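Structural description and commentary
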Amino acid sequence: MRGILRDIPYDGDLVLDPIVEDVPAGPDPVVIGVIVAVVAVVVVVTILLVVRAKKKKQGK
Amino acid sequence: MRNKSTSLMAYTIAHFCVDLACAFLLFRFFRAGFYVQSPLVFLMYSVIAFGFQAPFGALCDRFTRFPAGLLGCLLVALAFFTLPFGWFSIILCATGNAFFHVGGGIDSLANSDGKIVRSGIFVSTGAIGLALGGFLGSAESIPAYLPLVLLIVSAALIALFSLKTIPKDVGFGTASPVFVKAVPAALLILFVAIMIRSYGGFVMYAPWRTEYLLLPGISACIGKAAGGFIADRLGARTTASLSLLLCIPFLCFGFSSPVLCSIGIALFNMNMPVTLCAVSDRIPGQYGLAFGFTTVALLLGAIPAFFYAMPWQTGIYVLPALCAVSATMIFISISNKGGLYNERNFA
């Protein structure tokens, strides 16, 4: 649980209520890390493949 | 009977069916509360289906007889039989989707005779397939064997009608002789332009979407096909950059009207086949890799949307900026020259 900001209608003030609502846990950081790593690898591999293709073309 | 027209017909119908089947599987079996967290499933699916097309494409360019389209259909079909394994099913489905797109992309670029319209027609039907697949997948009354039947039909169409020989060095004449002549710079600019446009698609606000579920997909389909057709007549640069600028008033001031917003979505999607062919021009003869290059850009543009949902009030101001930047990048990196690939433009 964590505090969330709640809008109190009658005076318009924002107050911090520490226990009003359960906040669902976010995605597992390990899974996110794996996905980010896979994306990084995909981008690097794509760049290398394009560079290789260009070099191959120029070499002909 | 195998010729360029039947091959395009086979892949275009199969594109609709494969995207429908993938969306059906995701929306029917991997919604929140099922095996795994829904947003993560969609993210993982996108990373594989979009990100892996570049290496798969390079593989198909190396082994030109590799039946990527057919394999893609079969892998997606297999994903339906491996549903109890959760993540494995998703990986199979996304891998099949990636292979299918590479196969279809190669066919659409290599057999184009330098015409952008062929790519436009091929990519167009995926949008409707995704929209309809999501809709049917959410409707519990639709049996799960329906997408399987469509996948079998797709595999049969590709096996019967697709062309096996891949022509070399088909070009679209989009290299800019004025602004960005260096190939790496042009590729980088096109990559960023596609990325920005991809993110723009998530920022777009259409409050009527829940009421007219298929309309955005139909608009995108018409836009992509029309984009290729018009680009062959008016020129690639004019069509791609002008359509991105013209969509701004429709998407920012007409977002509440299904008709006006649909026109905006169609205009927004018109540059898709143009940027694909422009990338292919810079990596000549490597059609699979070129197709994969654009989908990696689409993926990078989509990833921020998984982590941050921009409020629509902000989005309607951000979208014009994204469209304008993307249009400028396309304007400086491609030309209106038509005709077949000219070796001198890529020196």
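Residues numbered from 1 in each chain as written. Chains lettered and ligands numbered in written order. Predicted model: local features only at pLDDT ≥ 70, side-chain atom pairs only at ≥ 80, totals over all residues. Heavy atoms only, no water.

The next point concerns the overall build of chain B. Counting secondary structure elements, chain B contains 14 helices and 0 strands. Secondary structure elements of chain B, listed N to C terminal, follow the sequence α-α-α-α-α-α-α-α-α-α-α-α-α-α. Along the first, second and third principal axes, the C-alpha atoms of chain B reach 55 × 50 × 30 Å. Across the 347 residues that make up chain B, the buried fraction comes to 60%. Summed over its atoms, the accessible surface of chain B is roughly 13,400 Å², and 73% of this surface lies on carbon and sulfur atoms. Averaged over its 19 positive side-chain charges, chain B has a centre that lies 3 Å from the centre of its 10 negative ones. (Helix = DSSP H or I, 4+ residues; strand = E, 2+ residues; numbered from the N terminus. Buried < 20%, exposed > 50% of the residue type's maximum accessible area, 1.4 Å probe, protein only. Areas by Shrake-Rupley, 256 points an atom, 1.4 Å probe, with all protein chains shown as cover. Lys, Arg positive; Asp, Glu negative; His and termini not counted. Charge placed at Lys NZ, Arg CZ, Asp CG, Glu CD.)

This next bit is on the confidence of the model for chain A. Residue and element names in this part refer to chain A. On average, residues of chain A score 67 in pLDDT, and 50% of them are at 70 or above. Here strand β1 (residues 4–7) stands out as the least confident element of chain A, with mean pLDDT 39; helix α1 (residues 29–59) is the most confident, with 85. Here residues 1–23 scores under 50 on pLDDT; set against residues more than four positions off or in separate chains, the count is 26 contacts. (pLDDT = per-residue confidence, 0-100. Contact = heavy atoms within 4.5 Å.)

This part covers helix α7 (residues 145–161) of chain B. All names here are of chain B. Over its 17 residues, α7 extends 24 Å from the first C-alpha to the last, a length consistent with the 24 Å expected when each residue adds 1.5 Å. For α7, the set of buried residues is Pro147, Leu148, Leu151, Ser154, Ala155, Leu157, Ile158 and Phe161. Buried-residue contacts for α7 involve α1 (4–29), α4 (68–81) and α5 (87–110). (Expected span 1.5 Å × (residues − 1).)

Contact with chain B, which involves 26 residues of that partner, is made by 16 residues of chain A. Regarding the contact of chain B and chain A, the summed buried area is about 1,700 Å², with carbon and sulfur atoms giving 83% of it. Counting the surface chain B buries against chain A, the share from its top three residues, Leu40(B), Val47(B) and Leu289(B), is 22%. The interface formed by chain B and chain A contains 0 salt bridges. If you look at where chain B meets chain A, you find 0 residue pairs in polar contact (both at pLDDT 80 or more). Mapped by element, the contributors of at least two residues to the side of chain B that touches chain A are α2 (38–51), α3 (53–62), α8 (183–203) and α13 (287–307) of chain B. By residue number, the principal contributor to the side of chain B that touches chain A is α13(B), which donates 7 residues. Its residues assigned to classes, the side of chain B that touches chain A shows 20 nonpolar, 3 polar and 3 charged. (Buried area = accessible area lost by both parts, 1.4 Å probe. Salt bridge = Lys/Arg side-chain N within 4 Å of Asp/Glu carboxyl O. Polar contact = N/O pair within 3.5 Å; in protein donor to acceptor, adjacent residues only side chain to side chain. Nonpolar A, V, L, I, M, F, W, Y, C, P; charged D, E, K, R; others polar.)

This next bit is on the packing of aromatic side chains. Residue and element names in this part refer to chain B. Tallied over the entire structure, the rule returns 14 aromatic pairs over all chains. With a centroid separation of 6.1 Å and an interplanar angle of 45°, the aromatic rings of Tyr11 and Phe100 are classed as tilted. Residue Tyr11 is found in helix α1, and its partner Phe100 is found in helix α5; the two are separated by 89 residues along the sequence. Here Tyr11 matches Phe100 in class, with each residue buried. Ring geometry for Tyr205 against Phe255: centres 5.3 Å apart, planes inclined by 55°, an arrangement best described as tilted. (Phe/Tyr/Trp six-rings, centres within 6.5 Å; stacked < 30°, edge-to-face > 60°.)

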